[in-house]
Amino acid sequence: MFRWQFAKDYLLHRISAKNRHGLHSPFVYRLVDEVIYDFQPKKVYAEVENFRKKLLADDRTITVTDLGAGSHVNNNKQKQVSQIAKNALKPPKLAQLLYRLAADAKPDTMIELGTCLGITSLYLQYAAPNAKIFTLEGCPETANIAQQGFNSAGAKDITLITGNFNDTLPGLIAKLPKLDFVFIDGNHQKQATLDYFNWALPKVHEGTMLIFDDIYWSEGMKEAWAEIKAHPEVTITVDLFWIGLVFFRKGKPKEDFKIKF
């Protein structure tokens, strides 16, 4: 049932979504033309993808603690690192999009909710080398594998925080003066997603970008995305099907865009 609904949602998105042409928002046109559709290879991609290759060949077995909505692929507690790398890591096309978005935004701080094995964390570190990155993970053994990767890469500005997001995220947000770039890829449930959004709101500003992963993952996630888009403080959203971008640019008309990616 899930696969059929997901395929249907994807088809409907492809039919209704636009490319860069026909966009009347200069802000979104530039974002699509210069960032989202920048498919030129970059040296950093090869460096991070080498870490992915190592994870795909890692036959260690770890115990996975899943505090969220689980997986559509495999919910076994004992998993090989290679299996997690194959099924749970963001594919290169999406991970590299996150890199470009972060590089373009030039944030001072970044929060990633859902470290997994650390591939997207490394992409974010390379994208904004002067930024402080906080990546949150619920599973201690998965976090341990990610930390080993950070150490190997010399990624010293990544702070990995382990624990339930309900316990770790509010305190982290409270300590930061503002939120520049937040990637939410954890606990794919409606209420949890809305909680993360609402906790972030007091610290957003004109240049903030919130990124929500898997916005078509379930009916609950689709409902959460619809509520986020409708929030009065949100002015611009960009729906790329796989992820949704949220902006708070004051003085701009409220607009929602669906973009082919």
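Residues numbered from 1 in each chain as written. Predicted model: local features only at pLDDT ≥ 70, side-chain atom pairs only at ≥ 80, totals over all residues. Heavy atoms only, no water.

Digging into the sheet that holds strand β10 (residues 255-258)
Read across the sheet, eight strands follow the order β5-β4-β3-β6-β7-β9-β8-β10 without closing on themselves; strand pairing throughout is mixed. Both edges of this open sheet fall to β5 (158-162) and β10, since each of them pairs with a single strand only. For this sheet the average axis-to-axis angle between neighbouring strands, irrespective of direction, equals 15°. Sheet strands in contact with helix α7 (residues 140-153) are β4 (132-137) and β5, and its direction is about 170° off that of β5. (Pairing = 2+ DSSP bridges. Helix = DSSP H or I, 4+ residues; strand = E, 2+ residues; numbered from the N terminus. Axes fitted to C-alpha atoms, helices over the stretch in contact; angles between N-to-C directions. Contact = heavy atoms within 4.5 Å.)

Describing empty space enclosed by the protein
Summed over all chains, the structure comprises two cavities of 30 Å³ or more. For the largest cavity, the calculated volume is near 40 Å³. Along the walls of the largest cavity sit Ala-88, Leu-89, Lys-90, Glu-112, Gly-114, Thr-115, Cys-116, Thr-120 and Asp-185, which together make up its complete lining. The class makeup of the residues in the lining of the largest cavity is three nonpolar, three polar and three charged. Estimated volume of the second largest cavity: approximately 30 Å³. Lining the second largest cavity, in full, are Ile-184, Asp-185, Gly-186, Asn-187, His-188, Thr-193, Phe-212, Asp-213 and Met-221. (1 Å grid on protein atoms, 1.4 Å probe; cavity = no way out; pocket = protein on both sides within 12 Å on 5 of 7 lines; lining within 4 Å. Points joined across faces, edges and corners; volume = space filled by probe spheres on them. Nonpolar A, V, L, I, M, F, W, Y, C, P; charged D, E, K, R; others polar.)

Thoughts on helix α6 (residues 119-127)
Within α6, eight of the nine residues are buried, leaving the element largely enclosed by the surrounding structure. Within α6, the full set of buried residues consists of Ile-119, Thr-120, Ser-121, Leu-122, Tyr-123, Leu-124, Gln-125 and Ala-127. (Buried < 20%, exposed > 50% of the residue type's maximum accessible area, 1.4 Å probe, protein only.)

Thoughts on the environment of Pro-170
Mapped onto the elements of the fold, Pro-170 is located in helix α8 (residues 165-175). Remark: the alpha-carbon pair of Pro-170 and Trp-199, spanning 29 residues in sequence, is separated by 6.6 Å.

A word on the packing of helix α3 (residues 43-56) against helix α5 (residues 92-105)
Packing of α3 against α5 leaves a shortest axis separation of 11 Å and a crossing angle of 135°. When the interaxial angle is binned, α3 and α5 end up oblique. Of the two elements, α3 crosses α5, and the hand of that crossing is right-handed. Between α3 and α5, the contacting residues are Val-44, Tyr-45, Glu-49 and Arg-52 on the first element and Pro-92, Ala-95, Gln-96, Tyr-99 and Arg-100 on the second. (Parallel < 35°, antiparallel > 145°, perpendicular 65-115°, else oblique. Left-handed = near helix turned anticlockwise from the far one by under 90°.)

Description of α5
With 14 residues, α5 should reach 20 Å at 1.5 Å per residue; the first-to-last C-alpha distance of 20 Å fits that figure. Buried within α5 are the following residues: Leu-94, Ala-95, Gln-96, Leu-97, Leu-98, Tyr-99, Arg-100, Leu-101 and Ala-102. (Expected span 1.5 Å × (residues − 1).)

Re a nonpolar patch on the surface
A cluster of nonpolar side chains, Leu-11, Leu-12 and Ile-15, forms an exposed patch at the surface whose accessible area comes to about 320 Å². Looking at the secondary structure, you find Ile-15 in helix α1 (residues 2-16). (Patch = residues over 30% accessible without salt bridge, like charges linked within 9 Å, V, L, I, M, F, W, Y side chains within 5 Å. Areas by Shrake-Rupley, 256 points an atom, 1.4 Å probe, with all protein chains shown as cover. Salt bridge = Lys/Arg side-chain N within 4 Å of Asp/Glu carboxyl O.)

Quick notes on the state of the cysteines
For the structure on display, the rule yields zero disulfides. Cys-116 takes part in no disulfide bond, and the closest cysteine sulfur to it belongs to Cys-139, at a distance of 9.1 Å. Of the residues examined, Cys-139 reaches a relative accessible area of 1% and is grouped as buried. (Disulfide = S-S within 2.5 Å.)

Here's the deal with the nonpolar core
If you look at the biggest cluster of nonpolar residues, it comprises 58 residues, and the most contacted ones within it are Ile-36, Leu-101 and Leu-245. With seven residues, the top contributor of residues to this core is α5. Ranked by size, the runner-up nonpolar core spans 31 residues in total, among them Ile-111, Leu-201, Ala-224 and Trp-225. (Core = buried A, V, L, I, M, F, W, Y, C linked by side-chain atoms within 4.5 Å.)

Details of the pattern of salt bridges
Enumeration over the complete set of coordinates arrives at 14 salt bridges. Here Asp-180 ties to Lys-178 by a salt bridge, and the two come within 2.6 Å at their closest N and O atoms. Given a relative accessible area of 6%, Asp-180 falls into the buried group. Residue classification places Lys-178 among the partly exposed residues on the basis of a relative accessible area of 29%.

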